[in-house]
Amino acid sequence: MPPARRRPRRSATPADADDSVPSSAADLLALAATLVPAAATTALKPPPQLKQLVHSLRASHPLLLSLPQALALALALAPPSDTDNASASGSDAPSPPTPRAAAVLLHLLLTHPSHPPRWDDLIRPLELLHSRLALLATADPPLAGLAAACFELAWRADAPGREALVAQTLPYLVALALTSGSSARPVLRRLFALRDALALLDYDDDQSIYDFKMLLLRCFVSPLFLKAEEGRKFLALVLGVSEGIAREGLELIRAQVGITGAKRAAVVAYGEVVFRAWKDGGWVRAEVGEAFLQGMVEGAVHAGSKEVAKAARKILWVFVEHRAVAGVEKLVFRLAEPVLFRSLQVANSNVRHNALHLLLDLFPLEDPDVTKDVNDPLIEKQFFLIDKLLMDDCSEIRTVAVEGICRILNQYWEIVPAPTISKFLSKIVDDMSKDSCNEVRLSTLNGLVYLLDNPQSHEILKVLLPKLSNMISDTALSVRAAAVDLLLAIRDLRSFQYNKVVGLGTLLSSLENDHPRIAQKITKLLIPSYFPSKLSPKEACARCIALIKRSPTAGARFCEFALSEGSPPRSIIELVKFSITLALSRTGLNSDQIDGLVIASVNLIKSLAEERSSLTALQEFFANAKLRLVLQTVVSEGARAALLSIAPAVLPDDLSVLHEECMDIVLNAARISKQEECQEAALAAHKLIVLSGWSDELFEALTNILQSKASAFAEIYGLEPPCPIASSRRKRGKSLKKIPARDHVVGKGLCKSKVGSEELAVAAGAAWQINEIVKAEDLRDAFLQSSYSEIAFSSLKVVSQVYVEQCLYLDSLDLAPVLAYLSLSTYNALPDVDQTGNCSESSTANQSLDHLLNCFSKLLNAPVKNPPSKSNQNGKASRSKDQQKGASEGNTVKGTVNAIMLGTSILKFIADTTNLKLVNDDKIRCLKFASSYTKYAVSSIKKHQEQSSSFKGDDLKDALVLIRSSFTYAAKLLHLVLSSSTEESSPPEEAFFLANDLLDLVPSVESFAGSRFALSIVSALKQWLPVLILGLVCRWLIGPQNEMAANVFHFGDSCLPLWVAAVAKNELDSKEPGQDEQSEQAAEGEDSSSSRKLAEMMAILLKKGSPRIIDCVGGLLMSTLQLMLQRSEYDIVLGLTRFVCARLLGSNTLALEKLQITCESLRENFFEIDKCVRVELVDDDDSRQQLESAKALIRSVITDV
């Protein structure tokens, strides 16, 4: 470094003193070199001492007069940066002046506060510094920034010769803006200030302008330029500098618009850039720009993507917004008119949709150069086309047309003829509001809400809107929400009354029963009338009480949302106090009104959960057991449950006052399992009991109920009694009286039900509560670890056995005991699972499963009887009425549904516990049960359908829904069995039989219930079809190789699965078998039968799978042909042969080498078929023709036979 750098800084002296001012410009440069940092990463700023020195000199000072020449010499001799200077400091030659010091002094001269720069003297050093700008931008960015600031000062001052300072300044600023990130806005302002310099460059010299041109084109895809207004203005100017840049820039914009997912803000920015460039004249207004805009019109209409079409419309929309600018409207008309009207009537619905959007954006599309008389037919044509599209086949087009008409009427009501207005609105209200598409009906309401903004529409809408009153009850939630939004818009208009559009009764009905979203909107609509904040709290409460009295449930729902819709907490507290006081007084109130007042108060209190001060006031109000009094006043279980739910909030320290009421709810269990309100009350009581520390008393009460009922059932049916009753710490109420055994039929096995419905309901209610306790995490562990768990489990075991064995004789079956029994066994078995994930055979899950399977096996083995005849019902006189009733009801429709319901629950338990490995490895028994139950369910329904007409309507629907669920559980079980099989442990043959039974469900259900119900089975089967196919061939695929024989799965001498016959018959009915390209479409066709769907789905899946699986399935199907030949069922022989040869194999001869089993079976069956034909075992010509066709199919695949 120069020695001067090590000199100590001199103290400040007056600026005009001779010893403080360097004697020459060279000395000033040397001083500046010592003060200016040699290297810095931040912005380069003049040192304060140097700045004070230069700015204190007079304009005529010799130092200032000679400084520009010295700066020019220094910049001419200086290296590009101080870094280069430092690298040469080791040599003996004197260091040349640094460009940093010269640039700082130059900047100080340009910013002198007392006299303007002498541009004639300074232009030379500025040119020298400008020539180094490109190198400085990389070698010394801070110095480059200071230099660019000097050039900008010269440009803004209109200095002579400033044109020589832009060739590198513009590229520098553009590059700086592209790389500045979030701080690009100030740079863009600086760049826009130099906008006039863009025209000074030679854009025809490709060699010199290429790099700058690439920088300019990069700006078109930079979000920084698109977000800032200065950036968009700069891009518009760039499009006007040359034809080449305009062409390439517009092509970049076209590419960005065509990208799916382009951001809306970016597209709008592009539209503004193009419009500014067009407005400024230049190349965009010429042929280049018109070609771009014509392409945007074409894209807005014909783009395959709706997003791309929308982006193109956004570009054009900027021109539409400025149609008042001279020439814009003519441009839009000239570009759009030839394309638009033709596209609105094409066959392609996507083009019509896009064209309608564009027409609505451009409306009214007029030629500004012609008179009104010429334009009127054009406007009428637009009205005609829009009206025509209102009835378009495409629902999306109808939706856009409805909203578009409302938008046109809102904006151009004055120019639309009155008959046209009436015609449009009548069609919208009368027809479009009843459209089958939800979106069209929604657009009707949204469009009318928008139209209400125009006051001129109110008179006609007063007449039309009442016709839309039924839309408040529309099936679509979005439509109902829009209907309430329409009422809210009407409410704010003085000339309208919303209750004349939709009656108050209808609103209250929707408020009572509809979705919370709708209820909250209706509350917002009604609050100004029924709980206005402008009135005093007393008057507001009186209005709300009137609403609750009129419709208790709706009033309670109104209170649920009152706080969220702006009601003050103070008024809500007053309303709670007023409602509770009125409910306790019972003055002039019926039970529904009392319950409504209480539930409304509960909803208000829940809404105040976050208001601590409000809760404190309510706690004071409910003190002294007032909540207990209210609880004793209400009638419905729903009101009781609501009150119990708020007890922790209003009585946090005094829950003991509700002890008796909670226990009464628990003990009155008869209605709990069937009524939702009773269940809510029971759960609320459970919560309070736990919070109060009475859990053991709850467990004891429920256990005693179950044990008492189980003991009575055991005595009646001769079953093993449950565990001894728990020692009671606190007994409440009378003990349950046992009915003497002599009054009932005693004995094991199936017998007529002798238990009253009340007894069954009490047991079910207690069981339901036990099941909920087991589900609740905060109660489960306490219950399972208590002594009551074992007693409850043994009691539920007895009750469940009675339910299973007597289900055929019950009009209505409650699954609560069985579900509670299974839940308890599941959670009790979890600790029995060892570290390997297996469960011991003595676990409760295994024992429970064995117990239920034994019980249910009696139903499966019992014949399905018909309802007894009248002669059988007139038995001996000694038979009691109960016995006659039981006999007449045994094995009836309700009993069959009960049995299917129980079987489904057991099957679900098997699948779940097998998945959790809570049962032992007894796969065979589980698979056998699944098969037996599936066949039992189908045969029972079919038997009833064939011999009586009682199994119809809801009963049949319920039974088939249960069968569909059973199918899913059985398929899941099959999947678990197959997935756990290994080469050493092959799956049992019961897996094969279960797969066949599950596939048989489709033709079985179709035979007695029709295709509609069977298709629901097919939809469930679709996802499990791979598992079922693997189940058919599992013994071929998994296990020792010696089991791969063709007779492993022998169907028997006379038993052929129904699905096999269905596949064969489907092939005979098929017009063009073997056409692969149509298979998948046929599988999805709505008009196909369920059996045909099954066959097509199997063919598609098999052809996508492994050749080994196809080989096994083909061999399996071919193994049935000999049986069919013996039974002379030649149609099935032909159908199966066609399915295998045409559907599965087809023309794929290359795969035949891998299909050994299928090929051998085909060859063997060919000779058997040929034998039948040759020895003339076939009598008729049709059968002979069928066998010849089967031979031809086999010969088409295997050519050596």
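Procedures and definitions
Residues numbered from 1 in each chain as written. Predicted model: local features only at pLDDT ≥ 70, side-chain atom pairs only at ≥ 80, totals over all residues. Heavy atoms only, no water. Helix = DSSP H or I, 4+ residues; strand = E, 2+ residues; numbered from the N terminus. Buried < 20%, exposed > 50% of the residue type's maximum accessible area, 1.4 Å probe, protein only. Contact = heavy atoms within 4.5 Å. Areas by Shrake-Rupley, 256 points an atom, 1.4 Å probe, with all protein chains shown as cover. Core = buried A, V, L, I, M, F, W, Y, C linked by side-chain atoms within 4.5 Å. Patch = residues over 30% accessible without salt bridge, like charges linked within 9 Å, V, L, I, M, F, W, Y side chains within 5 Å. Salt bridge = Lys/Arg side-chain N within 4 Å of Asp/Glu carboxyl O. Lys, Arg positive; Asp, Glu negative; His and termini not counted. Charge placed at Lys NZ, Arg CZ, Asp CG, Glu CD. Axes fitted to C-alpha atoms, helices over the stretch in contact; angles between N-to-C directions. Parallel < 35°, antiparallel > 145°, perpendicular 65-115°, else oblique. Left-handed = near helix turned anticlockwise from the far one by under 90°. Nonpolar A, V, L, I, M, F, W, Y, C, P; charged D, E, K, R; others polar. Polar contact = N/O pair within 3.5 Å; in protein donor to acceptor, adjacent residues only side chain to side chain. pLDDT = per-residue confidence, 0-100. Disulfide = S-S within 2.5 Å. Phe/Tyr/Trp six-rings, centres within 6.5 Å; stacked < 30°, edge-to-face > 60°. Arc of directions from axis to C-beta. Expected span 1.5 Å × (residues − 1).

As named in an unreviewed UniProt entry, the protein is Condensin-2 complex subunit G2, taken from Dichanthelium oligosanthes.

Novice: Just checking my understanding: could you explain the overall build of the protein for this structure?
Specialist: Helix and strand counts for the protein come out as 57 helices and zero strands. A burial count over the protein gives 52% of its 1201 residues as buried. If you take every contact in the protein between residues at least 6 apart in sequence, the share linking residues at least 24 apart comes to 74%. Summing over all exposed atoms, the protein offers an accessible surface of approximately 54,700 Å²; the carbon and sulfur share of this is 51%.

Novice: How should I be thinking about the nonpolar core in this particular structure?
Specialist: When a protein is soluble and globular, its nonpolar side chains tend to lie buried together. In this structure, Leu-105, Leu-526 and Phe-558 are the most contacted members of the largest nonpolar core, which totals 409 residues. Residue contributions to this core peak at 16 residues, all from helix α49 (residues 1011-1037).

Novice: Is there a simple way to explain the environment of Glu-946 in this structure?
Specialist: Residue placement: Glu-946 occurs in helix α46 (residues 923-947). Once the C-alpha coordinates of Glu-946 and Phe-1008 are considered, the two residues, 62 residues apart in sequence, prove to be 8.1 Å apart.

Novice: Would you mind going over a negative patch on the surface with me for this structure?
Specialist: Taken together, Asp-202, Asp-204, Asp-205 and Asp-206 make up a surface patch of like negative charges. By the element assignment, Asp-206 lies in helix α11 (residues 206-219).

Novice: How do you make sense of the packing of helix α2 (residues 48-56) against helix α5 (residues 99-110) when you look at a structure like this?
Specialist: Relative orientation and spacing of two packed helices are given, respectively, by the angle between their axes and the distance between those axes. Relative to each other, α2 and α5 sit at 45°, their axes nearing to 10 Å. Compared by their axis directions, α2 and α5 come out oblique. Crossing angle aside, the handedness with which α2 passes α5 is right-handed. Of α5, the residues touching α2 (which contributes Leu-50, Lys-51, Val-54 and His-55) are Val-104, Leu-105, Leu-108 and Leu-109. By residue class, the composition of the contact of α2 with α5 is six nonpolar, one polar and one charged.

Novice: Where do I start with unusual backbone geometry in this structure?
Specialist: Trans is the prevailing form of peptide bonds, just as negative phi is the prevailing case for residues other than glycine. For the bond running from Phe-363 to Pro-364, omega is -5°, close enough to zero to count as cis. We note that Asp-158 has phi near 55°; this positive angle belongs to a residue other than glycine. By the element assignment, Asp-158 lies in the loop between α8 (141-156) and α9 (169-178).

Novice: Where do I start with the side chain of Ser-800 in this structure?
Specialist: Among the structural elements, Ser-800 can be located in helix α40 (residues 788-805). Residue class for Ser-800 comes out buried when judged on its relative accessible area of 0%. In terms of polar contacts, Ser-800 uses its side chain to reach the backbone carbonyl oxygen of Pro-817, at 3.3 Å. Aside from chain neighbours lying at most four places away, what touches Ser-800 is Pro-817, Val-818, Tyr-821 and Leu-852.

Novice: Sorry if this is basic, but what is going on with the pattern of salt bridges here?
Specialist: Side chains that differ in sign of charge can pair as their charged atoms come close. Scanning the model with the defined rule gives 47 salt bridges in all. Note that Arg-334 is salt-bridged to Glu-290, the shortest N-O span being 2.4 Å. In this pair, Arg-334 is assigned in helix α18 (residues 328-343) and Glu-290 in helix α16 (residues 287-302), connecting sequence segments 44 residues apart. The shortest N-O distance in the salt bridge between Lys-709 and Glu-759 comes to 2.4 Å. On the criterion of sequence distance, the pair formed by Lys-709 in helix α37 (residues 695-717) and Glu-759 in helix α38 (residues 757-775) is long-range, its members being 50 residues apart. Under the relative-accessibility criterion, Glu-759 is labelled partly exposed at 25%. Salt bridges sharing common partners tie together Glu-229, Arg-232, Lys-233, Glu-272 and Arg-276.

Novice: Sorry, what's going on with the packing of helix α56 (residues 1156-1174) against helix α57 (residues 1181-1197) here?
Specialist: Where α56 contacts α57, the two axes come as close as 10 Å, and the packing angle between them is 150°. Relative to α57, the element α56 lies roughly antiparallel. Handedness of the crossing formed by α56 with α57: left-handed. Of the residues in α57, those touching α56 at Leu-1162, Phe-1166, Ile-1169, Asp-1170, Cys-1172 and Val-1173 are Arg-1184, Leu-1187, Glu-1188, Ala-1190, Lys-1191, Ile-1194, Arg-1195 and Val-1197. For the contact of α56 with α57, a count of residues per class yields nine nonpolar, no polar and five charged.

Novice: How should the confidence of the model for the protein be read in this particular structure?
Specialist: A low pLDDT score tells you not to read the predicted coordinates there in detail. Per-residue pLDDT for the protein averages 83, and the proportion of residues at 70 or more is 86%. Residue range residues 1-18 is modelled with pLDDT below 50. Its contacts to residues more than four positions away, or to other chains, number 14 contacts.

Novice: Please explain the state of the cysteines as it appears in this structure.
Specialist: By definition, a disulfide links the sulfur atoms of two cysteine residues through a covalent bond. The full count for this structure, using the stated rule, is zero disulfides. Free cysteine: Cys-1034, not disulfide-bonded; nearest cysteine sulfur from Cys-1112 at 9.9 Å.

Novice: Looking at this structure, I do not really get the packing of aromatic side chains. What am I missing?
Specialist: The description of two aromatic rings rests on the distance between their centres and on the angle between their planes. Applying the stated criterion across every chain yields a total of 15 aromatic pairs. With a centroid separation of 5.6 Å and 45° between ring planes, the pair formed by Phe-363 and Phe-383 is classed as tilted. One end of the pair, Phe-363, is in the loop between α19 (349-362) and α20 (372-389); the other, Phe-383, is in helix α20, with 20 residues separating them in the sequence. In terms of burial, Phe-363 and Phe-383 fall into one category: buried. Relative to Tyr-412, the ring of Phe-363 has its centre 5.6 Å away and its plane inclined at 65°; by these criteria the two rings are edge-to-face. Of the two residues, Phe-363 sits in the loop between α19 and α20 while Tyr-412 sits in helix α21 (residues 395-412), which places them 49 residues apart along the sequence. The partly exposed category is assigned to Tyr-412, whose relative accessible area is 23%.

Novice: Honestly, helix α10 (residues 184-193) in this entry has me stumped. Any pointers?
Specialist: Each turn of an α-helix holds 3.6 residues, which means side chains three or four residues apart point in the same direction. Inspection of α10 places Ala-184, Val-187, Leu-188, Leu-191 and Phe-192 among the buried residues, and these make up the whole buried set. Take α10 and look down its axis: the buried residues cluster within an arc of 135°, on one side only. If you follow the buried residues of α10, they end up packed against α9, α12 (223-227) and α13 (229-238).

Novice: Would you take a moment to explain helix α14 (residues 243-257) for this structure?
Specialist: End to end, α14 covers 21 Å across 15 residues, agreeing with the expected 21 Å (1.5 Å per residue, within 8%). Among the residues of α14, Ile-245, Ala-246, Gly-249, Leu-250, Ile-253 and Val-257 are the ones counted as buried. Angularly, the buried residues of α14 cover 125° about the axis, an arc narrow enough to put them on a single face. Along its buried surface, α14 packs onto α11, α13, α15 (264-279), α16 and α17 (306-321).

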